Amino acid sequence: MKCPSCNETLLMSEKSGVEIDYCPSCRGIWLDRGELDKIIEQSANHYAKKDNYDNDYKRYEYKEYDNDYNKRYPHKKKKSFLNDFFDF
């Protein structure tokens, strides 16, 4: 299969039972029908348990920042449970 954006051949990866097609060139991610629903369901199941939520809160260091902090330091992308799916 070819990437709709750059016409490069897509590579396939399986993460937690979900088959993900991705482009090594433009780093686009392409999901087949129903795969996004599987990811959402697994995320909901993961965070339905309070222990998982608390562990991720500590692991990814979610913090409350005031507006002055955001002005002084550039925005950094927060990590979450879903990073494991899209780590290529």
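Structural data are supplied above this passage.
Bear in mind the structure is a predicted one, so any value in this text is a computation, not a measurement.

Engineer: When you look at the overall build of the protein in this model, what are you seeing that I'm missing?
Structural biologist: The secondary structure content of the protein amounts to 3 helices and 3 strands. Shown N-terminal to C-terminal, the secondary structure of the protein runs as helices and strands in the order β-β-β-α-α-α. Per-residue burial over the protein gives 20% buried out of 88 residues. Per element, the accessible surface of the protein, about 7,200 Å² overall, is 48% carbon and sulfur.

Engineer: Would you take a moment to explain a nonpolar patch on the surface for this structure?
Structural biologist: A cluster of nonpolar side chains, Ile 29, Leu 31, Leu 36, Ile 40 and Phe 86, forms an exposed patch at the surface whose accessible area comes to about 400 Å². For the nonpolar patch, the secondary-structure elements that each account for two or more residues are strand S3 (29-31) and helix H1 (35-48). Residue position: Leu 31 is located in strand S3. Its relative accessible area of 31% is what places Leu 31 among the partly exposed residues.

Engineer: In this structure, what is going on with unusual backbone geometry? I would like to understand it.
Structural biologist: In terms of backbone geometry, most residues other than glycine have negative phi values and most peptide bonds are trans. One non-glycine residue with positive phi stands out, namely Asn 7, at about 65°. Structurally, Asn 7 is set in the segment before strand S1 (11-15). For Asn 7, a relative accessible area of 55% puts it in the exposed group. One non-glycine residue, Arg 27, adopts positive backbone phi at about 65°. Assignment of secondary structure puts Arg 27 in the loop between strand S2 (18-22) and S3. For Arg 27, a relative accessible area of 58% corresponds to the exposed category.

Conventions adopted
Every chain is numbered independently, its residues counted from 1 as its sequence is written. Note on the predicted model: pLDDT of at least 70 is required for a residue's local features to be given, and 80 or more for side-chain atom pairs to be given and counted; whole-chain, interface and lining totals, by contrast, use all residues. Hydrogens and water are ignored here; the side-chain numbers use all heavy atoms of the structure. Put simply, DSSP H or I for four residues or longer makes a helix, DSSP E for two residues or longer makes a strand, and each gets a number counted from the N terminus. The classification of residues rests on relative accessible area computed with a 1.4 Å probe and restricted to protein chains. Under 20% of the type maximum is buried, over 50% is exposed, and intermediate values are partly exposed. The accessible surface values rely on the Shrake-Rupley method and a 1.4 Å probe; as for residues, cover is taken only from the protein chains in view. Residues enter patches when they are more than 30% accessible in relative terms and free of salt bridges; like-charged ones are connected within 9 Å and nonpolar ones (Val, Leu, Ile, Met, Phe, Trp, Tyr) within 5 Å. We define a salt bridge as a side-chain nitrogen of Lys or Arg found within 4 Å of a carboxyl oxygen belonging to Asp or Glu.

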